[in-house]
Amino acid sequence: MIELERAAYSYGGGELFTDVTLTLAPGSFHFLTGPSGAGKTTLLKLCYGELIATAGHVRLFGENTRKMDRDRIAMNRRRIGVVHQDCQFLDHLPISENVALPLTVAGRSEEADAYLGELLAWVGLTRQAQQLPPELSGGERQRAALARAIILSPDVILADEPTGNIDWEMSQRLLSLLVELNKLGKTVLVATHDMALIRAAKAQISARVLRLKDRKIQAAEVDL
Amino acid sequence: MSLRERIGSSVALLAGDKQADRAVPPTGFTARLTVFTSAAMAFLAVFVLALSLTAGRVADRWTEQLAQTSTLRISAPDGQIDAQVRAALRVLETTPGVAGARALSDEEQRALLAPWFGPDLPVESLPIPRLIEITETDGGYDTTGLRARLQAEVPGALLDDHARWRAPLVKAAERLRALGFAAVILIAGATAAMITLAAQAALAANAQVIRVMRLVGAKDSYIAGAFVRRFTLRAFFGSTVGVAVSGVAVWLLPELDVAGGILEGIGLSGAEWLWIAAIPILASVVAFAATRAAALRTLGRHS
């Protein structure tokens, strides 16, 4: 699905991380952890082509991101659902239209009627469908972002600190949705520094934990 | 990208879809700026076109009318002038290329001088030269030969074939027409610059929209399309309003008959109205090209 081969990323003369080799196999569940500023978000951005590695290679579905033009990257993003900590919505559109945005962009807006109701019910946002994003709580926004990320039934789901702004109960609910998606065969990578969330996930599924520290990536099983 | 693909992508860009357009929130400032600029520029373009087309008509009229006529001026002492006029007419009647010749009456000469000396000028009592109007055939006459004959038979005759003053006037009118079209091009350029600035402001104000659209897999052409369609429609609407207002103003212009009709018929006539109908289309094309270039440039920087 997504492969990083000796990938590095530098900016402003400094190297954020180097020599990162990682393969997200189909159906796998990974956590990416590490201290703030270690480069978790940057590494995720490499995984969906928003940034290009300054050294090494990143392959999305077998294609090297360095050789892709912007249209090709856009097409590949339709196979990757992304959930950010700050969600990033179009604040002037209701939640239903925000969630359906990937379908609209893909020219499949007529399919929204078939999927949207079921999807909003699955994330528990049926009542909030016509509300604007700023009117929703942090947890509701995260669930809406997850619904938007999966409406195209992507192969991979990348979540960047998805529980950063929500309470523990809501974190558990969001985690259970991600676990459910993984059980449906989706590849999941979650960047988080919430160890309790990782332990809760490992109780339910086989998840691999990676730690980004001192500019390197390493397996972190022993810490848990 | 081939020409066909380029045309196809441009058509798709204009056709777009309503859902995509909804992704970009309406921005009041850039909307008003684009509509106002397009309306103002279209208003100016109509007046420039009217002046330019009038200049063209004047140039054509002078070319057509004056090229086929010339004037013979007879200056002679009292008592000889009528004889010289008759002699000149005889010469002209036998000159190949002269379709007709006639001496202007006192009333006609008085009317010619009236703008400078008033209507009550006693033409009969003043030593004013007599004028003979010559109409030429399509082939024209031999000017050198006619001058030679007149010099021999009518010593007081001076032939004016209008070439001396017609050429610079026609040239001036043609330059006026060229300047008019240059002004239209400048107006189109200024419109493009203003719309580019407005589009860039809109794109900068919608950085979050661009980020979200990219995140969910939108191609640059899709994102640009939402902006391009909006600005193209605004330019079309604004320029249509501008053309309508200025069209009415031109239509209501008073008939001017100044300086012997030099400015007569200023405005638009007949098929010339089609020129101003093309202005909203031209404005839309300019807006389309300017916004598309600005959008793709900005999106390129965002990558």
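Residues numbered from 1 in each chain as written. Chains lettered and ligands numbered in written order. Predicted model: local features only at pLDDT ≥ 70, side-chain atom pairs only at ≥ 80, totals over all residues. Heavy atoms only, no water.

Details of the overall build of chain A
Stated formally: Comment: elements are numbered from the N terminus, with helices defined as DSSP H or I runs of at least four residues and strands as E runs of at least two. Throughout, radius of gyration means the C-alpha value; the globule benchmark is 2.2 Å times the number of residues raised to the power 0.38. Burial classes: relative accessible area under 20% of the type maximum marks a residue as buried, over 50% as exposed, and values in between as partly exposed (1.4 Å probe, protein chains only). Should any heavy atoms of two residues lie within 4.5 Å, those residues are considered in contact. The Shrake-Rupley method, run with a 1.4 Å probe, gives the accessible areas here. Residue values count only the displayed protein chains as cover. Two residue types count as positive, namely Lys and Arg, and two as negative, namely Asp and Glu; His and chain ends fall outside the count. Here the site of a charge means atom NZ of a Lys, CZ of an Arg, CG of an Asp or CD of a Glu.
When helices and strands are counted, chain A shows eight helices and 10 strands. Relative to its length of 224 residues, chain A is compact, with a C-alpha radius of gyration of 17 Å against a globular reference of 17 Å. Overall, chain A is about 45 × 40 × 30 Å in size when its C-alpha atoms are taken along their principal axes. Within chain A, the proportion of its 224 residues that are buried is 55%. For chain A, long-range pairs separated by at least 24 residues make up 69% of all intrachain contacts whose partners lie at least 6 apart in sequence. When the accessible surface of chain A is split by element, carbon and sulfur atoms take 47% of a total near 9,400 Å². In chain A, the 26 positive side-chain charges and the 27 negative ones have mean positions that sit 6 Å from each other.

Description of the pairing of strand β4 (residues 55-60) of chain A
Each regular strand shows side chains that alternate between the opposite faces of the sheet. Residues and elements named next belong to chain A. Worth spelling out the cut-off: Only when DSSP finds a minimum of two bridges between them are two strands counted as paired.
Direction of pairing for strand β1 (residues 2-11) relative to β4: antiparallel, over a ladder of five bridges. Among the inter-strand pairings, Glu5 is bridged to a residue of β4, identified as His57. Relative to strand β5 (residues 63-64), β4 runs antiparallel, the two being bridged by two bridges. What sits directly across from Arg59, in β5, is Asn64. Here β4 hands over to β5 after two residues, with Phe61 in that stretch at a positive phi of 50°.

So, the interface of chain A and chain B
This is how the line gets drawn: Put simply, buried area is how much 1.4 Å-probe accessible surface two parts lose in total, over both of them, once they are put together. Just to be clear on terms, a salt bridge is a Lys or Arg side-chain nitrogen sitting within 4 Å of an Asp or Glu carboxyl oxygen.
Facing 21 residues of chain A, the contacting portion of chain B comprises 24 residues. Here chain A meets chain B over a buried area of about 2,000 Å², counting both sides, of which 60% is carbon and sulfur. Among the residues chain A hides against chain B, the three largest losses belong to Arg70(A), Gln88(A) and Val105(A). Together they make up 28% of the total. Along the contact surface separating chain A from chain B lie one salt bridge. For Arg70(A), the salt bridge identified is with Asp220(B), shortest N-O distance 2.5 Å.

Examining the sheet that holds strand β1 (residues 69-74) of chain B
All names here are of chain B. Filter applied, for reference: Axes here mean lines fitted to C-alpha atoms, for a helix over just the part in contact, with angles spanning 0 to 180 degrees between N-to-C directions.
In spatial order, the strands read β2-β3-β1-β4; together these four strands make up an open sheet with antiparallel pairing. Edge positions in the sheet fall to β2 (98-103) and β4 (157-160), since each has one partner strand and no second. Neighbour-to-neighbour, the strand axes of this sheet turn through a mean angle of 20°, independent of strand direction. Bridging between β1 and β4 involves four bridges; their strand directions are antiparallel. Looking at the pairing, Thr71 lines up with Asp160 of β4. Where helix α6 (residues 143-153) meets the sheet, it contacts β1 and β4, and its direction lies at approximately 170° from that of β4.

Here's the deal with the nonpolar core
Residues and elements named next belong to chain A. For the record, the criterion: Here the nonpolar core consists of buried residues drawn from Ala, Val, Leu, Ile, Met, Phe, Trp, Tyr and Cys, with membership extended through side-chain atoms lying within 4.5 Å.
With 45 residues, the main nonpolar core has Phe29, Phe31, Val99 and Leu146 as its most contacted residues. Of all the secondary-structure elements, those providing two or more residues to this core are β3 (29-33), α3 (95-99), α5 (112-122), α6 (138-150), β7 (156-160), α7 (168-183), β8 (187-191) and α8 (195-202). Setting aside anything within four residues of it in sequence, one finds Phe29 in contact with Leu178, Val179, Asn182, Val188, Val190, Ile205, Ser206, Ala207 and Arg208. Of all hydrophobic cores here, the second largest spans 32 residues; its members include Ala7, Leu16, Leu158 and Ala191.

With respect to a nonpolar patch on the surface
For clarity, the threshold we go by: Residues forming no salt bridge and having over 30% relative accessible area are the ones grouped into patches, like charges within 9 Å of each other and nonpolar side chains (Val, Leu, Ile, Met, Phe, Trp, Tyr) within 5 Å.
On the surface, a nonpolar cluster with roughly 280 Å² of combined accessible area is contributed by Phe236(B), Ile281(B) and Val285(B). Mapped onto the secondary structure, Val285(B) falls in helix α10 (residues 273-302).

Concerning the pattern of salt bridges
Residues and elements named next belong to chain A. Enumeration according to the criterion identifies 12 salt bridges over all chains in this entry. Measuring nitrogen to oxygen at the nearest pair gives 2.9 Å for the salt bridge that ties Arg215 to Glu15. Taken together, the residues span a long stretch of sequence, with Arg215 in the loop between β9 (208-213) and β10 (216-219) and Glu15 in strand β2 (residues 14-24) at a distance of 200 residues.

Observations regarding the pairing of β1(A)
Residues and elements named next belong to chain A. Here β1 pairs with β2 via seven bridges, running antiparallel. Paired with Tyr11 across the two strands is Gly14, which belongs to β2. The turn joining β1 and β2, which pair antiparallel and follow one another in sequence, is formed by two residues; a positive phi near 60° is taken by Gly12.

Some details on the packing of α7(A) against α8(A)
Geometrically, a packed helix pair is captured by the angle between its two axes and the distance between the axes. All names here are of chain A. Heads up, the condition is: Oblique is the label for every angle not falling under 35 degrees (roughly parallel), over 145 degrees (roughly antiparallel), or within 65 to 115 degrees (roughly perpendicular). Crossing chirality is assigned from the near helix's rotation relative to the far helix, an anticlockwise turn below a right angle marking it left-handed and a clockwise turn marking it right-handed.
Where α7 contacts α8, the axes come no closer than 11 Å and their chain directions differ by 40°. Judged by the angle between their axes, α7 and α8 are oblique. Where α7 crosses over α8, the two elements pack in a sense that is right-handed. Contact with α7, carried on its side by Trp168, Ser171, Gln172 and Leu175, involves Ala196, Leu197, Ala200 and Ala201 of α8 and no other residues of that element.

Let's talk about the side chain of Arg130(B)
Residue and element names in this part refer to chain B. Here is the rule: Polar contacts, as used here, are pairs of N or O atoms within 3.5 Å; protein pairs need one atom able to donate a hydrogen and one able to accept it. Residues neighboring in sequence count only if both atoms are side-chain atoms.
Within the element layout of this structure, Arg130 appears in strand β3 (residues 130-136). Under the relative-accessibility criterion, Arg130 is labelled buried at 19%. Within polar-contact distance, the side chain of Arg130 engages the backbone oxygen of Leu104 at 3.3 Å.

Looking at the sheet that holds β3(A)
Residue and element names in this part refer to chain A. Sheet architecture is open: six strands sit in the order β6-β7-β8-β3-β9-β10, paired in mixed fashion. This sheet does not close on itself; its edge strands, each paired only once, are β6 (80-83) and β10. Ignoring which end each strand starts from, the neighbouring axes of this sheet average 20° apart. With four bridges joining them, β6 and β7 adopt parallel strand pairing. Paired with Gly81 across the two strands is Ile157, which belongs to β7. Lying on the sheet, helix α1 (residues 40-47) is in contact with β3, β6, β7, β8, β9 and β10; it crosses β7 at an angle near 155°.

Notes on α7(A)
Along an α-helix, a turn takes 3.6 residues, which lines up residues three or four apart on a common side. Residues and elements named next belong to chain A. Keep this limit in mind: In this scheme, a helix's expected span is set at 1.5 Å multiplied by one less than its residue total.
Between its first and last C-alpha atoms α7 spans 22 Å; for 16 residues at 1.5 Å apiece the expected length is 22 Å, and the two agree. Taken together, the buried positions of α7 are occupied by Met170, Ser171, Leu174, Leu175, Leu177, Leu178, Val179, Leu181 and Asn182. Of the surrounding secondary structure, the elements contacted by the buried residues of α7 are β3, α5, α6, β7, β8 and α8. Where α7 terminates, the next one or two residues include Gly185, which has phi positive at roughly 105°.

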